[in-house]
Amino acid sequence: MTTVPQVRTRVRIPLRLPGRPAVASEAVTFTGLSDGLEHLAFVLGKPGPVPVVRLHSECLTGDVFGSARCDCGPQLAEAVERISEAGGYLLYLRQEGRGIGLYNKLDAYALQDSGLDTYAANSALGLPEDARDYTAAAQMLTVLGVRQLDLLSNNPDKAAQLARHGIDVRERLRTGVFANEDNVRYLRAKAEQTGHTLALPLGDLPAAAAARNAG
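Below or above, wherever it landed, is the structure these notes cover. Since the model is a prediction, treat every value here as computed from it, not as a measurement. (Residues numbered from 1 in each chain as written. Predicted model: local features only at pLDDT ≥ 70, side-chain atom pairs only at ≥ 80, totals over all residues. Heavy atoms only, no water.)

**Section: the overall build of the protein**
1) Next: Across its full length, the protein carries nine helices and seven strands.
2) Next: Here the protein holds 215 residues, and the buried ones make up 45% of them.
3) Next: A separation of at least 24 residues holds for 61% of the contacts in the protein among residues at least 6 apart in sequence.
4) Next: Total accessible area computed for the protein in this model is approximately 10,500 Å², and 52% of it derives from carbon and sulfur atoms. (Helix = DSSP H or I, 4+ residues; strand = E, 2+ residues; numbered from the N terminus. Buried < 20%, exposed > 50% of the residue type's maximum accessible area, 1.4 Å probe, protein only. Contact = heavy atoms within 4.5 Å. Areas by Shrake-Rupley, 256 points an atom, 1.4 Å probe, with all protein chains shown as cover.)

**As for the pattern of salt bridges**
1) Next: What the rule picks out here adds up to eight salt bridges.
2) Next: A salt bridge links Arg 170 to Asp 150; its shortest N-O distance comes to 2.8 Å. Residue Arg 170 is located in strand β7 (residues 168–173), and its partner Asp 150 is located in strand β6 (residues 148–152); the two are separated by 20 residues in the primary sequence. (Salt bridge = Lys/Arg side-chain N within 4 Å of Asp/Glu carboxyl O.)

**Regarding the pairing of β7**
1) Next: Here β6 runs beside β7; their pairing, made up of five bridges, is parallel. Of the residues in β7, the one forming a bridge with Asp 150 is Glu 171.
2) Next: In the classification by handedness, the crossover that spans β6, the intervening helix α7 (residues 156–164) and the parallel β7 is right-handed. (Pairing = 2+ DSSP bridges. Right-handed = clockwise from strand over helix to strand, strands pointing away.)

**Digging into helix α2 (residues 72–86)**
Given 3.6 residues per helical turn, the α-helix brings residues three or four places apart onto the same face.
1) Next: The terminal C-alpha atoms of α2 lie 21 Å apart, and with 15 residues this matches the ideal 21 Å at 1.5 Å per residue to within 8%.
2) Next: Within α2 the residues assigned to the buried category are Cys 72, Gly 73, Gln 75, Leu 76, Ala 77, Glu 78, Ala 79, Val 80, Ile 83 and Ser 84.
3) Next: Contact partners of the buried residues in α2: β3 (40–44), β4 (52–57), α1 (60–64), β5 (88–93) and β6.
4) Next: The positive-phi residue at the C-terminal boundary of α2 is Gly 87, with phi of around 95°. (Expected span 1.5 Å × (residues − 1).)

**So, the side chain of His 56**
1) Next: Within the secondary structure, His 56 is located in strand β4.
2) Next: The buried category is assigned to His 56, whose relative accessible area is 1%.
3) Next: At a separation of 3.4 Å, a polar atom in the side chain of His 56 contacts the side chain of Arg 54.
4) Next: Ignoring anything within four residues of it in the chain, the contact list for His 56 reads Asp 63, Cys 72, Gln 75, Leu 76, Leu 90, Leu 91, Tyr 92 and Leu 93. (Polar contact = N/O pair within 3.5 Å; in protein donor to acceptor, adjacent residues only side chain to side chain.)

**Some points on the nonpolar core**
1) Next: Ranked by internal contacts, the top residues of the largest apolar core, which has 23 residues, are Leu 55, Leu 91, Leu 141, Leu 149 and Leu 162.
2) Next: Where this core is concerned, the elements lending two or more residues are β2 (25–31), β3, β4, β5, α6 (135–143), β6 and α7.
3) Next: Looking at this core element by element, the count peaks at five residues for α6.
4) Next: Beyond its immediate stretch of four places on either side in the chain, Leu 91 contacts Leu 40, Ala 41, Val 53, Arg 54, Leu 55, His 56, Ala 137, Met 140 and Leu 141.
5) Next: Ala 77, Ala 79, Leu 152 and Leu 173 belong to the second largest nonpolar core, which has 16 residues in total. (Core = buried A, V, L, I, M, F, W, Y, C linked by side-chain atoms within 4.5 Å.)

Here it is, written out as structure tokens:
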């Protein structure tokens, strides 16, 4: 028997992310999601008829430990602040390493240190370049009564997958570009290989990083 997705619990959680003001949120848990994972939705501000939504894939290294090898931590902090102001939902999805898991992500990092980009490293490990499926995210939004939204994302695949599940993405809002000397090759790979809307500010990076990226 197929279980119909529904809300499991709602609980108030004040959020304090580094470098951002504290915001009020309501965390929502679910049952019956397609992948059986413990995804969370955070209600931020006062969602309107067309809320701002961010699908944020879990990144332990970036979100918790502030790793500079990605832009996940700054994107999460930015999303919480922007959605709180506009009103909407942050979906925190348990899809570490673009869906390949934490240990595999770290194995891919080791290959990146030898010169491979993020997608080639996954392929060298026999893993998909991006294993994420946003079916559960669409289910969460449907349970929350969201049929149309403005999506806070640089990733066109998120909007395309939501549309296939009947969620109308009215507008895709770009996030900031959080480039540094440790993640610039990673960001460039996302822009060039999977169409992320990232304008990398080479002139603002340290000279060594800019030279490495240009090469």
